[in-house]
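# Report on the structure
What follows is the residue order along each chain.
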Amino acid sequence: MDKDLLAHILQYTSIMDLSELLSCGWSLADAGISQWRAPAALRERQRRALITQFRHALATVPFYRRQYQAAGLDENSIQTLGDLAKLPRVSRDDIQGNPDLFLTTLWRLGDPSEWYESHTSGSMGKPLQTWFDPECWWQVKYALKARALLAAGIAPYHRVAIVDDVPSEDLERHTSSMALWGEQAFGGRRYLSVFDSPESHAETYARFRPHAIYCFPSYFLELSRFWNAALRRQVPLRALITSGETLPDAARRQLEETFGVPVIDVYGNTEVKDIAWRCRSGHGYHVNMESVLVEILDADGRPAANGKPGEVLVTALTNRAMPLIRYATEDIAVRLPGECPCGRGLERLAMIQGRIADYLPIPAHGNLSPYNLTTALSTHQAVMHFQITLRAGERLEAAVVLRPDAKPDALQSVEQILRQRIGPGFPVKVSAVASIPRDASGKHRAIRVIHPGVEVAA
Ligand SMILES: [Zn+2]
């Protein structure tokens, strides 16, 4: 047996009691096996999980009890996945208004002090807190994450460098407060701050020799400039793992060329954790159907047709501590039809566009979906990275990082595409830049809307 693996198993067995160990082992085995089941079997599993979660919420979660009773629903109201449409949606504001109403009153799940807490950084406005019961936490934070990593060729005993959106002076406190499980103890983990220069990370990589590095896509675009021949030789990299920002196709191809490894993008949020991960086959993102039910809805609130973009609503199927049912993520995605060549039965999404809150006030359109613009640039052959700034009533500006092999007329082509999308009579200015500045959360925003005096992230 690999001695690293043995050391980690021993480390784990020393920090967990038997029931935790069994629960984790079960989650991991379940995640490993169920991904290969037929789509119909996975949907049936979701249907049964939905009925259980609905009844649990109706009986023990004050927010849902009040809403569902007011809507005349009883415990038999949900029988099929289609019945989900009977339930009202939940917004971020609903939760922030009174988060305690979303917690189960059923303490049988264990002592709430043993629940796991997860919260947003608040970069998108008010921070949001979510609670998970231990069993769900092990499934979503460990088993399902481990499955996505394994699919990318990263085993639990491989070394992973995690570049976090925490200032370097807070890193120690941040990581020591992490649950031991899955964060620190399992496999080698090294934390770095995204706010430090990628150049300063090179030395850590040379010493730590990670098999995978985890960060926002834009970080790797910056790191590319320092990824020299010596690092390539020293670091036994197997994959880059990205999340938190839209990953344009051109950027992914560029990263795969520069680092010589696949880029595995993970789509998720703080409220339900990982929702889907990009299949190595290159045919979309597999949904973690065991823990989350994804709906893609059109503008009228009906299921969007396959291949058509729509709003993402998620239902947490296993979190009993704080069940989120039909939670509006404010993301846009596309559902892919058919099965993946990799053989997994897990359903697939494509083109996940982060955080699309508002429509853009552009005269010729009244309001234009930001998706219209971000898709155009995300799929452009030459665009690795971009930021669109709409100065309301004035002009649209696009700052673009081009691929090194971009054709000389690439900027013109970007400008032309944007002009076509927004229509005549509104000035467009496109400029090439070396990098896009980060906002306070450490991320890059794809679209900013600046009204005179106010700035809104879209
Ligand atoms: Zn696949």
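Residues numbered from 1 in each chain as written. Predicted model: local features only at pLDDT ≥ 70, side-chain atom pairs only at ≥ 80, totals over all residues. Heavy atoms only, no water.

## A short note on unusual backbone geometry
- In this structure, Arg-209 takes a positive phi of about 50° despite not being glycine.
- Counting through the fold element by element, Arg-209 comes out in the loop between α9 (198–208) and β5 (212–215).
- A positive phi angle, near 70°, is found at Lys-273, a position not held by glycine.
- The topology assignment puts Lys-273 in strand β8 (residues 273–278). (Helix = DSSP H or I, 4+ residues; strand = E, 2+ residues; numbered from the N terminus.)

## What about the nonpolar core?
- With 64 residues, the main nonpolar core has Tyr-64, Val-294 and Leu-349 as its most contacted residues.
- Contact partners of Tyr-64, with chain neighbours within four places excluded, come to Ala-57, Gln-69, Val-90, Phe-102, Pro-323, Leu-324 and Ile-325.
- Counting 29 residues, the second largest nonpolar core, distinct from the first, contains Ala-161, Ile-213, Leu-255 and Ile-436. (Core = buried A, V, L, I, M, F, W, Y, C linked by side-chain atoms within 4.5 Å. Buried < 20%, exposed > 50% of the residue type's maximum accessible area, 1.4 Å probe, protein only. Contact = heavy atoms within 4.5 Å.)

## Brief notes about the coordination of the zinc ion
- On the protein side, the zinc ion has Cys-279 (SG), His-286 (NE2), Cys-340 (SG) and Cys-342 (SG) as donor atoms, found 2.1 to 2.3 Å from it.
- One can describe the donor arrangement at the zinc ion as tetrahedral, given that its 4 donor atoms subtend angles of 103 to 115° at the metal.
- Between consecutive donor residues of the zinc ion, the sequence gaps follow C-x6-H-x53-C-x1-C. One end of the pair, Cys-279, is in the loop between β8 and β9 (285–287); the other, Cys-340, is in the loop between β12 (327–336) and β13 (348–353), and 61 residues separate them in sequence. Of the two residues, Cys-279 and Cys-340, neither departs from the other in class, the shared state being buried. (Donors = N, O, S within 2.8 Å, 3.2 Å for Na, K, Ca; no water. Tetrahedral: all angles 85-135°; square planar, octahedral: opposite > 155°, others 65-115°.)

## Re the pairing of strand β1 (residues 116–119)
- The alternating pattern of β1 places Tyr-116 and Ser-118 on a buried face and Glu-117 and His-119 on a face that is not buried.
- Pairing of β1 with strand β2 (residues 129–132), which is carried by 4 bridges, proceeds in the antiparallel orientation. Within β2, the position partnered with His-119 by the bridge is Gln-129. (Pairing = 2+ DSSP bridges.)

## A short note on the packing of aromatic side chains
- Within this structure, the stated rule accounts for 11 aromatic pairs.
- Relative to Phe-259, the ring of Phe-220 lies with its centre 6.1 Å away and its plane at 85°, an arrangement referred to as edge-to-face. Highlighted residues: Phe-220 in helix α10 (residues 217–223) and Phe-259 in helix α12 (residues 249–259), separated in sequence by 39 residues. Accessibility assignment for this pair places Phe-220 and Phe-259 in one class, buried. (Phe/Tyr/Trp six-rings, centres within 6.5 Å; stacked < 30°, edge-to-face > 60°.)

## Concerning α9
- Every buried residue of α9 is listed here: Pro-198, His-201, Ala-202, Thr-204, Tyr-205 and Phe-208.
- Looking at the buried residues of α9, the elements they touch are β3 (160–164), β4 (189–193), β5, α10 and α11 (229–234).
- The opening residue of α9 is Ser-197, an N-cap whose side-chain oxygen sits 3.0 Å from the backbone nitrogen of Glu-199.
- Following α9 by one or two positions, Arg-209 adopts a phi angle in the positive range, close to 50°. (Polar contact = N/O pair within 3.5 Å; in protein donor to acceptor, adjacent residues only side chain to side chain.)

## Observations regarding a nonpolar patch on the surface
- Residues Leu-18, Leu-21 and Leu-22 make up a contiguous nonpolar surface patch of roughly 300 Å² in combined accessible area.
- A residue is classified by how much of its surface remains accessible, and Leu-21, at 31% relative accessible area, is partly exposed. (Patch = residues over 30% accessible without salt bridge, like charges linked within 9 Å, V, L, I, M, F, W, Y side chains within 5 Å. Areas by Shrake-Rupley, 256 points an atom, 1.4 Å probe, with all protein chains shown as cover. Salt bridge = Lys/Arg side-chain N within 4 Å of Asp/Glu carboxyl O.)

## Quick word on helix α14 (residues 410–422)
- In a regular helix each residue adds 1.5 Å, so 13 residues correspond to 18 Å; α14 covers 19 Å between its end C-alpha atoms and thus fits that length.
- For α14, the set of buried residues is Ala-410, Val-414, Leu-418 and Ile-422. Angularly, the buried residues of α14 cover 95° about the axis, an arc narrow enough to put them on a single face. Looking at α14, the residues exposed on the side facing more than 90 degrees away from the buried face are Gln-412, Gln-416 and Gln-420. (Expected span 1.5 Å × (residues − 1). Arc of directions from axis to C-beta.)

## Some points on the environment of Tyr-285
- Structurally, the position occupied by Tyr-285 is in strand β9.
- A relative accessible area of 10% places Tyr-285 in the buried class.
- Here the alpha-carbon distance between Tyr-285 and Leu-336, two residues 51 residues apart in the chain, equals 9.1 Å.
- Apart from the residues lying within four places of it in its own chain, the contact partners of Tyr-285 are Asp-265, Tyr-267, Ala-276, Trp-277, Arg-278, Cys-279, Glu-347, Arg-348, Leu-349 and Ile-352.
- For Tyr-285, the side chain forms a polar contact with the side chain of Asp-265, separated by 2.6 Å.

## Examining the pattern of salt bridges
- Here the structure, examined in full by the defined rule, presents 19 salt bridges.
- With a closest N to O distance of 2.8 Å, Arg-419 and Glu-415 form a salt bridge. Placement of the pair is Arg-419 and Glu-415 together in helix α14, with a separation of 4 residues, close to one helical turn.
- The class for Glu-415 is partly exposed, based on a relative accessible area of 24%.
- Members of the salt-bridge network, linked through shared partners, are Arg-391, Glu-394, Arg-395 and Glu-397.

## What about the environment of Ala-392?
- In this fold, Ala-392 is placed in the loop between β16 (383–391) and β17 (395–402).
- Given the relative accessible area of 14%, Ala-392 is considered buried.
- When the C-alpha positions of Ala-392 and Ile-362 are compared, they lie 7.5 Å apart, and in sequence the two are 30 residues distant.

## Some points on the confidence of the model for the protein
- In this model, the protein carries an average pLDDT of 84, and 85% of its residues clear a pLDDT of 70 or more.
- Ignoring residues within four places in sequence, the model shows residues 10–14, a span with pLDDT below 50, making 7 contacts including any to other chains.
- Every residue in residues 177–185 is under pLDDT 50, and counting partners more than four places away or in other chains gives 29 contacts. (pLDDT = per-residue confidence, 0-100.)

## A closer look at the packing of helix α2 (residues 18–34) against helix α6 (residues 134–151)
- As a packed pair, α2 and α6 sit with axes 9 Å apart at the nearest point and diverge in direction by 45°. Judged by the inter-axis angle, α2 sits oblique to α6. As for how α2 packs across α6, the hand of that crossing is right-handed. Here α2 contributes Glu-20, Ser-23, Cys-24, Ser-27, Leu-28, Ala-31 and Ser-34 to the contact with α6, which in turn contributes Glu-135, Trp-138, Gln-139, Tyr-142, Ala-143, Leu-144, Ala-146 and Arg-147.
- Along the lines of polarity and charge, the residues of the contact of α2 with α6 split into 8 nonpolar, 4 polar and 3 charged. (Axes fitted to C-alpha atoms, helices over the stretch in contact; angles between N-to-C directions. Parallel < 35°, antiparallel > 145°, perpendicular 65-115°, else oblique. Left-handed = near helix turned anticlockwise from the far one by under 90°. Nonpolar A, V, L, I, M, F, W, Y, C, P; charged D, E, K, R; others polar.)

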